[in-house]
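Structure assessment
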Amino acid sequence: MQQLRIGMIGYKFMGKAHSNAYRSLPMFFPQAVKPEMSVICGRNEEAVKQAAQQLGWQSSSTDWKELVAREDIDLIDINAPSDAHKEIAITAAQAGKHIFCEKPLALSLKDAREMLAAAEEAGVKHMVGFNYRFSPAVRLAKRLIDSGRLGKIYHFRAWFLQDWIMDPDFPLVWRLQKDVAGSGSHGDLGAHLIDLAHFLVGGMDEVIGMSETFIKERPLAAEMTGLSAKGNTASDAPRGEVTVDDATLFLARFESGALGSFEATRFAAGHRSTNAFEINGSLGSVKFDFERMNELEVYFTSDAEDVQGFRRVLATDPAHDYAEAWWPPGHTIGFEHTFIHEMLELSSAIAEGRQPEPSFHDGVRCQAVLEAVERSIGERRWVKISEM
């Protein structure tokens, strides 16, 4: 396979991130299958034409069904709002297209399972967009855990903190509407934490949670772009109900016996996007914060007492995953590079005939935890993941 012909549905925040990844991949990973940015699709004809020109796509379309049916497309990239994921993915699978879909995979566990079943039945490759797995420092954490250097894992604690909707007059964007987004901070931010926990520590056995919506109504949005929006802030402007959580916290017991705590909120003043975790084992610990994504703090109990403490490991040397493709040691990478590494895994897996990771299986497993937490909140009890 020399080229991977791509049709992408969605062109805003994630569309730009994916486009940059496809364009950059051949420059830094020349061994990878070259992505051909064939068609970009969106509902607004003028806006999607402009996006095609800006982002480097050969053509644009406003009809995703027509795009999916084209014989000159190998992969469908879905980064439209969450309520569109299921129909597009199932139609793409039935058309024999490989699928990349942003997280959360679907609005519900039932829908996610149907998407997985359709992809498996069609025999196409499928991948879900948990890009934080692809940070070199996170890969180092996994290597330390898998090799046993941290010993038996006792604790996984994680938090994803933002503050972008704290203003009560911030408009009612689609991410604040359950019928479009599925959930609020829980599914948008918490999904990443759940996937990192699965990736690093393993499956969860049971969960218990709580959530809150601090601002119940907001002005209707007149314009939305990525995480920004405009609306009428006049006192008599029409307002709509916020139908998702602003913050969700939950505890988990892992299948291994480890304990977990998770916090996702959009109301943490001063935190633009603090995505962090700490893992404690019998032989050591690691700490990671994506705002300092090139670093992993590492502690080993075997160090001599007079030098014990967390050390800062800069994951930019060739010994670290992906680092050799980039800059000399010490020259750091950023958010956009996680998507390039993600697309490297996707294109390589398709070329090699294997299933990329994370796959729709991981999306379903994440969705099961999301819904178990929601059930726990509604019924005020511990919920087994096996119930889902």
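Structure first, text after, so check above.
Residues numbered from 1 in each chain as written. Predicted model: local features only at pLDDT ≥ 70, side-chain atom pairs only at ≥ 80, totals over all residues. Heavy atoms only, no water.

Bringing the layout of surface pockets into the picture now. As a volume, the second largest pocket reaches approximately 170 Å³. Lining the second largest pocket are 13 residues, with Lys287, Asp289, Arg292, Glu295 and Glu297 positioned closest to its centre. Elements represented by at least two residues in the lining of the second largest pocket include exactly strand S15 (274–281), strand S16 (284–289), strand S17 (295–300) and strand S18 (311–314). For the lining of the second largest pocket, the per-class residue count stands at 5 nonpolar, no polar and 8 charged. (1 Å grid on protein atoms, 1.4 Å probe; cavity = no way out; pocket = protein on both sides within 12 Å on 5 of 7 lines; lining within 4 Å. Points joined across faces, edges and corners; volume = space filled by probe spheres on them. Helix = DSSP H or I, 4+ residues; strand = E, 2+ residues; numbered from the N terminus. Nonpolar A, V, L, I, M, F, W, Y, C, P; charged D, E, K, R; others polar.)

Turning next to the pattern of salt bridges. In the structure shown here, the tally under the stated rule is 31 salt bridges. Residues Asp321 and Arg139 are paired through a salt bridge, measuring 3.4 Å at the closest nitrogen-oxygen approach. Of this pair, Asp321 sits in the loop between S18 and helix H9 (335–352) while Arg139 sits in helix H6 (residues 136–146), and the two are 182 residues apart along the sequence. Taking relative accessible area as the criterion, Asp321 reaches 29% and is therefore assigned partly exposed. Beyond isolated ion pairs, a larger network of salt bridges with shared partners links Lys86, Lys110, Asp111 and Glu114. (Salt bridge = Lys/Arg side-chain N within 4 Å of Asp/Glu carboxyl O. Buried < 20%, exposed > 50% of the residue type's maximum accessible area, 1.4 Å probe, protein only.)

Our next topic: the packing of H6 against helix H8 (residues 185–200). Remark: H6 packs on H8, axes separated minimally by 10 Å, with the N-to-C direction vectors making an angle of 35°. Contacts from Val138, Arg139, Ala141, Lys142 and Ile145 of H6 reach H8 at Leu196, Phe199 and Leu200. Across the contact of H6 with H8, the residue classes break down as 6 nonpolar, no polar and 2 charged. (Axes fitted to C-alpha atoms, helices over the stretch in contact; angles between N-to-C directions. Contact = heavy atoms within 4.5 Å.)

A few words on the sheet that holds strand S5 (residues 98–102). Taken in spatial order, the 6 strands line up as S3-S2-S1-S4-S5-S6 in an open sheet, and their pairing is parallel. Two strands in the sheet have a free side with no partner beyond their single neighbour: strand S3 (59–61) and strand S6 (126–129). Across the sheet, the axes of successive neighbouring strands diverge by a mean angle of 25°, strand direction being ignored. Bridging between strand S1 (residues 3–9) and strand S4 (residues 75–78) involves 4 bridges; their strand directions are parallel. Counterpart to Ile9 in the pairing with S4 is Ile78. In the packing of helix H1 (residues 13–28) onto the sheet, the strands contacted are S1, strand S2 (34–41), S4 and S5, and the crossing angle to S2 comes to about 155°. (Pairing = 2+ DSSP bridges.)

As a further point, take the sheet that holds strand S7 (residues 153–161). Ordered by their spatial adjacency, 9 strands build an open sheet running S18-S17-S16-S15-S7-S14-S13-S8-S19, and the pairing between neighbours is mixed. Here the strands that pair on one side only, and so sit at the sheet edges, are S18 and strand S19 (383–384). Here 8 bridges tie S7 to S15, and the two strands are oriented antiparallel to one another. Bridged to Trp159 within S15 is Ala276.

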